[in-house]
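# Understanding the architecture of this molecule
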Amino acid sequence: MAGSNPNAKPMNLTLKVWRQKNRNSEGKIVDYQVKDISPDMSFLEMLDVLNEDLLHRGEEPVAFDHDCREGICGSCNLFINGRAHGPEKGTTTCQLHMRKFSDGDTITIEPWRANSFPVNKDLSVDRSAFDRIIQAGGYISINTGGTPDANEIPIPKEISDRAFEAATCIGCGACVAACKNASAMLFVSAKVSQLALLPQGHVERKSRVENMVAQMDKEGFGACTNIGSCAAECPVGISLENIAILNREFLAAKATSNNLS
Amino acid sequence: MSWISKTFSSSIGRKIIVAITGLFLCSFLVVHLIGNLQLFKNDDGVAFNIYSHFMGTNPLIRTLEWGLLLGFGFHIYESLTLWRRNQAARSVGYVSNHSEQNSKWQSRNMALLGTIILIFLLVHLYNFFYRARFGELDPDINNNDDLYTLVVSSFHQWWYVALYVLAQVALCYHLLHGFKSAFQTLGLTHRKYTPAIQAIGYAFSIIVCAGFAIMPLYFFFFTNGQGEPISSVAPLVDSINLALK
Ligand code: HEM
Ligand code: SF4
Ligand code: FES
């Protein structure tokens, strides 16, 4: 395998995994042993090995979410050894490799914890609260007509870069999971500032921030106290600057929009 | 609900109130600290009593006092409302959570630090403010209430000094996070100026809290029962007094 280390020894690990039948049942941590794990495996491949074992033994496999396995879909959300997406900075769980662990390690694996992200089963949580926040305003609904000419709308490179950075949010929810307050502010701020920076976003600028923040509050997420865990754990590096932009946008919208309710 | 009450009952709206009142309280700390420096005058408290008489009777100061009360009231009410909301946002916690690897202790413990400050504040207000304003204090040589003597005797009680110093440590940590955090909440960030705001915040927290903490420590360790410096520090205190004349 390209990039594999022929000297890397397979590892034996103890996993402490959160098992929960469904939304309404009580869950608990269950211990499992996995053997002969290659350091070149991704964390999810290691869980695949565990699940094969469980199937062979006639036990229920561990439910966990995953899709792209290349760091872009934001579904592989696991709280690993007390950290969102595990110990490595700037990675999703699917991009985390077993070489970050050592033979004999005990690894605790839990689902995201937030009342707004109820556990569906085992390690899989329901993040539809994020979808509802986006539906409240995280889009541009003006009719753009046919394909416009390139460069018809001038946008300075610096601004388009910053908007792009904000747009890289993959909606994983690590910010909520890591935050002491289970606040969704980093996620919301990424979308609000992305669209506030671009001229296409200006038409709905005020209603967007008002509606998205109202939905965020309604979903029961906590309020930001600028702790900074979110940005430190965000796999794509969304910065706290976006939250300051969100606060500015919110104040400006509340002070000047025509919305009286 | 009108748009105003809706704005200020939203999560961001409440945060903004906490930030504005927090910075307002910081400005109060500066005034309070500078005024209290009169305690170091080696004049049997004459200057300090003149100052506290002025603070207790001047109509402008008395009006501002209500603003201060409101500032504290809103700060405490709104921050604890947010804290309750945030506690309710995660009712099942993690078995293993290493938040110390992604954030600072003081940032995660603002409510604990604030509560320590609040307890101190109640004791402090009762002991000095309540007794100066509503109690009976003996007059000093200018016929001003002799608050100075009360301060000196309080600062000779070990538990009072300990509470004072603990509260200042808590306030320092509260501000190490709070000062810069308030600017972030208000959206006052800029790539050029934010590093300076952070540096000023750190310096402010340490200087102001050390300044308050030195007062009880000085009286406890370096003065006699009348507040006169003991012989080992008397020359130093005298020369500072002389230099400031
Ligand atoms: C002289 C006294 C105080 C000063 C100067 C002060 C200052 C501040 C500042 C500047 C902030 C940051 C605001 C922000 O992040 O936007 C803050 C936050 C906070 N304060 Fe205070 N504070 C004081 C007393 C108290 C007291 C008595 C409590 C009572 C419980 C308290 C509880 C809190 C809490 C919980 C927060 C975090 C809330 C949040 O960020 O949403 N503070 N404070
Ligand atoms: S801001 Fe970062 S951590 Fe939060 S949802 Fe987006 S990508 Fe995930
Ligand atoms: S599985 Fe898509 S980001 Fe990890």
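Keep in mind that what you see is a predicted model, and the values were worked out from it rather than measured.

Now for the interface of chain A and chain B. Taken together, the 50 residues of chain A in the interface contact 39 residues of chain B. Carbon and sulfur atoms supply 49% of the area buried between chain A and chain B, which totals about 3800 Å² over both sides. Looking only at chain A, the three residues that lose the most surface to chain B are A:Arg113, A:Lys180 and A:Asn226, adding up to 16% of its buried area. Of the charged contacts in the structure, one is a salt bridge between B:Arg191 and A:Glu241, with a shortest N-O distance of 2.8 Å. Seen at the junction of chain A and chain B, the total is 33 residue pairs in polar contact (both at pLDDT 80 or more).

By size, the foremost hydrophobic cluster in this structure holds 46 residues, and its most contacted members are A:Val176 and A:Phe221. For this core, the secondary structure elements donating two or more residues are helix H2 (128–135), helix H4 (174–178), helix H5 (185–197), helix H6 (205–218), helix H7 (229–233) and helix H8 (241–256) of chain A together with helix H2 (11–36) of chain B. Broken down by element, the residue count for this core peaks at 6 residues, all from H5(A). Discounting residues that sit within four places of it in the chain, A:Phe221 has contacts with A:Ser116, A:Phe117, A:Ala129, A:Phe130, A:Ile133, A:Val176, A:Ala182, A:Ser183, A:Ala184, A:Met216, B:Arg85 and B:Ala89. One finds B:Leu29, B:Val151, B:Tyr164 and B:Phe219 within the second-largest nonpolar core, a separate group that totals 37 residues.

So, about unusual backbone geometry. Residue and element names in this part refer to chain A. Its identity as a non-glycine residue notwithstanding, Arg69 has a phi of 55°, on the positive side. Along the polypeptide, Arg69 turns up in the loop between helix H1 (43–56) and strand E3 (79–80). Positive phi outside glycine occurs at Asn151, with the angle close to 65°. Of note, Asn151 is situated in the loop between H2 and helix H3 (157–167).

What describes two packed helices is the angle between their axes and the distance between those same axes. Residues and elements named next belong to chain B. Relative orientation of the contacting elements helix H6 (residues 110–134) and helix H8 (residues 158–185) amounts to 140°, with a least axis distance of 9 Å. When the axes of H6 and H8 are compared, the pair comes out oblique. The crossing of H6 and H8 is left-handed. Listed contacts from H8 to Met110, Leu113, Gly114, Ile116, Ile117, Phe120, Val123, His124, Asn127 and Phe128 of H6 are Tyr160, Leu163, Tyr164, Leu166, Ala167, Gln168, Ala170, Leu171, Tyr173, His174, His177 and Gly178. Residue composition of the contact of H6 with H8, by class: 15 nonpolar, 7 polar and no charged.

Residue and element names in this part refer to chain B. Taken together, His75 (NE2) and His174 (NE2) make up the full set of protein donors to the iron atom of ligand 1, lying 2.0 Å away. Its 6 donor atoms give the iron atom of ligand 1 angles of 86 to 179° at the centre, a pattern that matches the octahedral case. With His75 in helix H4 (residues 59–88) and His174 in helix H8, this residue pair connects regions lying 99 residues apart in the sequence. Considered together, His75 and His174 belong to a single accessibility category, that of buried residues.

With that settled, consider the UniProt feature "transmembrane region" (unreviewed entry) in chain B. All names here are of chain B. Mapped onto this numbering, the UniProt entry annotates "transmembrane region" (unreviewed entry) at residues 16–40, 60–77, 110–129, 158–176 and 197–221. Overall, residues 16–40 shows 84% helix and 0% strand. The separation of its end C-alpha atoms is 38 Å. Between the C-alpha atoms that bound residues 60–77 the distance is 26 Å, and the span itself is 100% helix and 0% strand.

On to the site of ligand 2, then. Not every one of the 14 residues close to ligand 2 is listed here, only the nearest: A:Cys169, A:Cys172, A:Gly173, A:Cys175 and A:Cys234. For the shell around ligand 2, the secondary structure elements donating two or more residues are H4 and H5 of chain A.

Moving on: the packing of aromatic side chains. The tally for this structure, following the rule as stated, stands at 27 aromatic pairs over all chains. Summarising the aromatic geometry, the rings of A:Phe130 and A:Phe187 are spaced 3.6 Å apart at their centres and angled 0° between planes, so their arrangement reads as stacked. Residue A:Phe130 is found in helix H2, and its partner A:Phe187 is found in helix H5; the two are separated by 57 residues along the sequence. Across the pair, exposure class does not vary: A:Phe130 and A:Phe187 are buried alike. Between the aromatic rings of B:Phe155 and B:Tyr164, the centroid separation amounts to 5.0 Å while the plane-to-plane angle is 80°, which identifies the pairing as edge-to-face. Ring-pair connections join several aromatic residues into one group, and the members of that group are B:Phe40, B:Phe48, B:Tyr51, B:Phe120, B:Phe128, B:Tyr148, B:Phe155, B:Trp159, B:Tyr160, B:Tyr164, B:Tyr218 and B:Phe219. Positioned over the ring face of A:Trp18 is A:Arg113, at 4.2 Å from the centre of the ring.

All right, on to the site of ligand 1 then. Around ligand 1, the structure places 25 residues, and the nearest of them are B:Ala19, B:His75, B:His174, B:Ser181 and B:Thr185. Chain contributions to the surroundings of ligand 1 come from chains A and B. Interatomic distance of 2.8 Å between a side-chain N/O atom of B:His75 and a nitrogen atom of ligand 1. Between B:Ser181 and ligand 1, the recorded distance is 2.4 Å, taken from a side-chain N or O atom to an oxygen atom. Taken together, the elements giving at least two residues each to the shell around ligand 1 come down to H2, H4, H6 and H8 of chain B.

All names here are of chain A. Contact pair H6 / H8: the axes reach a minimum separation of 9 Å and the direction vectors enclose 110°. Compared by their axis directions, H6 and H8 come out roughly perpendicular. When you trace H6 past H8, the crossing you get is left-handed. Residues Arg205, Lys206, Val209, Glu210 and Val213 of H6 touch H8, and the partners they reach there are Leu246, Glu249, Phe250, Ala253, Lys254 and Thr256.

Residue and element names in this part refer to chain A. Per the domain assignment, the segments making up chain A are domain 1 (11–121) and domain 2 (128–255). Its C-alpha centre places domain 1 at a distance of 29 Å from the equivalent point of domain 2. Taken residue by residue, the interface counts 17 residues in domain 1 and 18 residues in domain 2. Across the interface of domain 1 and domain 2, roughly 1300 Å² is buried in total on both sides, 57% from carbon and sulfur atoms. It is Ala84, Ser116 and Phe117 that lose the most area in domain 1 upon contact with domain 2, and together they represent 36% of the buried surface on that side.

Reading guide: rules and limits
- Residues numbered from 1 in each chain as written.
- Chains lettered and ligands numbered in written order.
- Predicted model: local features only at pLDDT ≥ 70, side-chain atom pairs only at ≥ 80, totals over all residues.
- Heavy atoms only, no water.
- Contact = heavy atoms within 4.5 Å.
- Buried area = accessible area lost by both parts, 1.4 Å probe.
- Salt bridge = Lys/Arg side-chain N within 4 Å of Asp/Glu carboxyl O.
- Polar contact = N/O pair within 3.5 Å; in protein donor to acceptor, adjacent residues only side chain to side chain.
- Core = buried A, V, L, I, M, F, W, Y, C linked by side-chain atoms within 4.5 Å.
- Buried < 20%, exposed > 50% of the residue type's maximum accessible area, 1.4 Å probe, protein only.
- Helix = DSSP H or I, 4+ residues; strand = E, 2+ residues; numbered from the N terminus.
- Axes fitted to C-alpha atoms, helices over the stretch in contact; angles between N-to-C directions.
- Parallel < 35°, antiparallel > 145°, perpendicular 65-115°, else oblique.
- Left-handed = near helix turned anticlockwise from the far one by under 90°.
- Nonpolar A, V, L, I, M, F, W, Y, C, P; charged D, E, K, R; others polar.
- Donors = N, O, S within 2.8 Å, 3.2 Å for Na, K, Ca; no water.
- Tetrahedral: all angles 85-135°; square planar, octahedral: opposite > 155°, others 65-115°.
- UniProt positions renumbered as here; feature names shortened; annotations may be inferred.
- Near = heavy atom within 4 Å.
- Phe/Tyr/Trp six-rings, centres within 6.5 Å; stacked < 30°, edge-to-face > 60°.
- Lys NZ or Arg CZ within 6 Å of the ring centre and 35° of its normal.
- Domains from an automatic or database assignment.

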